[in-house]
Amino acid sequence: MANYRIIRYADDFVVMVSGDRHHAEELREEVSAVLAPLGLRLAPEKTAVVHIDEGFDFLGFHIRRQRKRGTRKWYVYTKPSRKAIQSVKDKVSERTYRSTRYQNLDDVLRGVNQVTGGWANHFRYGVSKATFGAVDHHAWNRLMRWIRAKYAGKSKLSMAEMRRRFCDVGWRFAHNGVVFTGASSVAVTRYRYRGSSIATPWTPEPQAT
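Note that the coordinates shown come from a computational prediction; the quantities given were computed from them, not determined experimentally. (Residues numbered from 1 in each chain as written. Predicted model: local features only at pLDDT ≥ 70, side-chain atom pairs only at ≥ 80, totals over all residues. Heavy atoms only, no water.)

This part covers the pattern of salt bridges. All chains considered together, the criterion is met by five salt bridges. Measuring nitrogen to oxygen at the nearest pair gives 3.1 Å for the salt bridge that ties arginine 21 to glutamate 25. Taken as a pair, arginine 21 and glutamate 25 lie in helix H1 (residues 21-35) at a separation of four residues, close to a single helical turn. With relative accessibility at 28%, the residue glutamate 25 sits in the partly exposed group. The shortest N-O distance in the salt bridge between arginine 110 and aspartate 107 comes to 3.0 Å. Placement of both arginine 110 and aspartate 107 in helix H3 (residues 105-123) is noted, with a separation of three residues, approximately one turn of the helix. (Salt bridge = Lys/Arg side-chain N within 4 Å of Asp/Glu carboxyl O. Helix = DSSP H or I, 4+ residues; strand = E, 2+ residues; numbered from the N terminus. Buried < 20%, exposed > 50% of the residue type's maximum accessible area, 1.4 Å probe, protein only.)

This is the structure we're talking about:
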């Protein structure tokens with residue numbers, strides 16, 4: 001009996017094999033043969049055969065089996081990939097370049113929140129809590145330097161004055177009712193497989209009673 005499940009992605013998919021490398025390579029050739037009559041082919045630069053302990057990137061996630069810290073148990077972890085993390089950091093940096101200093105702080109905060117919040121929504125189903133914190137740390141430092149550069153005036157803006165003027169609770173930046181929420185405002189939720197409950201063309205219709 002087949003043990004596969006349907007994964008609904010447009011053109012990206014992962015095939016997992018319980019066996020050796022040559023089994024995976026043989027299956028890759030079978031997949032190519034199935035796609036060929038449809039006018040499709042595997043992209044060589046995006047297709048790789050790897051061991052789960054090596055890990056691989058898929059849709060922005062890095063999936064890899066690792067030993068849980070402090071134990072002898074091994075689990076498959078799904079985390080934001082390095083490329084995805086660098087991408088959101090670059091977007092935050094773009095929103096806080098010196099060329100944006102003509103904007104009001106609340107507009108900059110709103111833009112950074114949109115970038116980090118939208119990114120975190122995509123990655124909330126992974127092991128992402130620590131990564132969200134790292135992204136927020138980067139964003140906070142960029143905002144801190146942006147504020148000090150914009151409002152320094154003739155003298156350097158001290159940290160105490162910056163906190164008094166531009167923070168509401170602790171060191172949370174806020175201005176004109178807009179607060180920095182960042183990626184950590186998005187709760188991490190483990191993904192639940194719902195393939196058996198989402199309707200497909202092969203789902204039998206309920207019988208009339």
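This part is about the side chain of aspartate 136. Tracing the backbone through its elements, the reader meets aspartate 136 in helix H4 (residues 129-151). With no salt bridge to any partner, buried aspartate 136 finds its closest opposite charge in lysine 89, at an N-O distance of 11 Å. Excluding anything up to four places from it in sequence, aspartate 136 contacts Phe180, Thr181, Gly182, Ala183 and Ser184. (Lys, Arg positive; Asp, Glu negative; His and termini not counted. Contact = heavy atoms within 4.5 Å.)

So, on to the sheet that holds strand E1 (residues 56-58). Taken together, three strands build an open sheet; the order of strands is E1-E2-E3 and the sheet is antiparallel. The strands lining the two open edges of the sheet, one partner per strand, are E1 and strand E3 (74-80). Across this sheet, the average inter-strand angle for adjacent strands is 30°, counted without regard to direction. (Pairing = 2+ DSSP bridges. Axes fitted to C-alpha atoms, helices over the stretch in contact; angles between N-to-C directions.)

Mapped onto the elements, asparagine 113 comes out in helix H3. Within the structure, the side chain of asparagine 113 is placed 2.7 Å from the backbone oxygen of valine 179, a separation counted as a polar contact. Each residue touching asparagine 113, except ones within four places of it in the same chain, is listed here: Gly118, Val178, Val179, Phe180, Thr181 and Gly182. (Polar contact = N/O pair within 3.5 Å; in protein donor to acceptor, adjacent residues only side chain to side chain.)

Time to look at a nonpolar patch on the surface. A contiguous nonpolar surface patch, about 250 Å² in accessible area, is contributed by Phe13, Val15 and Val17. Take valine 17: it is sitting in the segment before H1. Residue classification places valine 17 among the partly exposed positions, given a relative accessible area of 36%. (Patch = residues over 30% accessible without salt bridge, like charges linked within 9 Å, V, L, I, M, F, W, Y side chains within 5 Å. Areas by Shrake-Rupley, 256 points an atom, 1.4 Å probe, with all protein chains shown as cover.)

Let us now look at H4. For H4, which comprises 23 residues, the first-to-last C-alpha distance of 33 Å matches the rise-based estimate of 33 Å (1.5 Å per residue) to within 8%. Restricting attention to buried positions, one finds in H4 the residues Thr131, Phe132, Val135, Asp136, Ala139, Asn141, Arg142, Leu143, Met144, Trp146 and Ile147. Where H4 is buried, its residues contact E3, helix H2 (82-95), H3 and helix H5 (159-166). (Expected span 1.5 Å × (residues − 1).)

The next thing to look at is the pairing of E3. Each regular strand carries side chains that alternate between the two faces of the sheet. Pairing of strand E2 (residues 61-67) with E3 involves seven bridges; the strand directions are antiparallel. Bridge pairing in E3 links arginine 67 to tryptophan 74. Hairpin connection, E2 to E3: the antiparallel pair is bridged by six residues, and glycine 70 has positive phi, about 85°.

Attention shifts here to the pairing of E2. For E1 and E2, the ladder comprises three bridges, and the chain directions are antiparallel. Bridge pairing links phenylalanine 58 to phenylalanine 61 in E2. In this structure, the hairpin formed by E1 and E2 is closed by a connection of two residues, where leucine 59 is found at a positive phi of approximately 55°.

Here we come to the packing of aromatic side chains. Throughout the structure, instances matching the rule amount to seven aromatic pairs. Over the aromatic face of tyrosine 151 sits the side chain of lysine 150, whose NZ or CZ is 5.6 Å from the ring centroid. (Phe/Tyr/Trp six-rings, centres within 6.5 Å; stacked < 30°, edge-to-face > 60°. Lys NZ or Arg CZ within 6 Å of the ring centre and 35° of its normal.)

This paragraph deals with a positive patch on the surface. Taken together, the side chains of Arg64, Arg69, Lys79 and Arg82 make up a positively charged region of the molecular surface. Relative to the helices and strands, lysine 79 is located in strand E3. (Charge placed at Lys NZ, Arg CZ, Asp CG, Glu CD.)

Residue classification places aspartate 107 among the partly exposed positions, given a relative accessible area of 34%. C-alpha of aspartate 107 to C-alpha of valine 178: the two residues are 71 residues apart in sequence and 8.3 Å apart in space.

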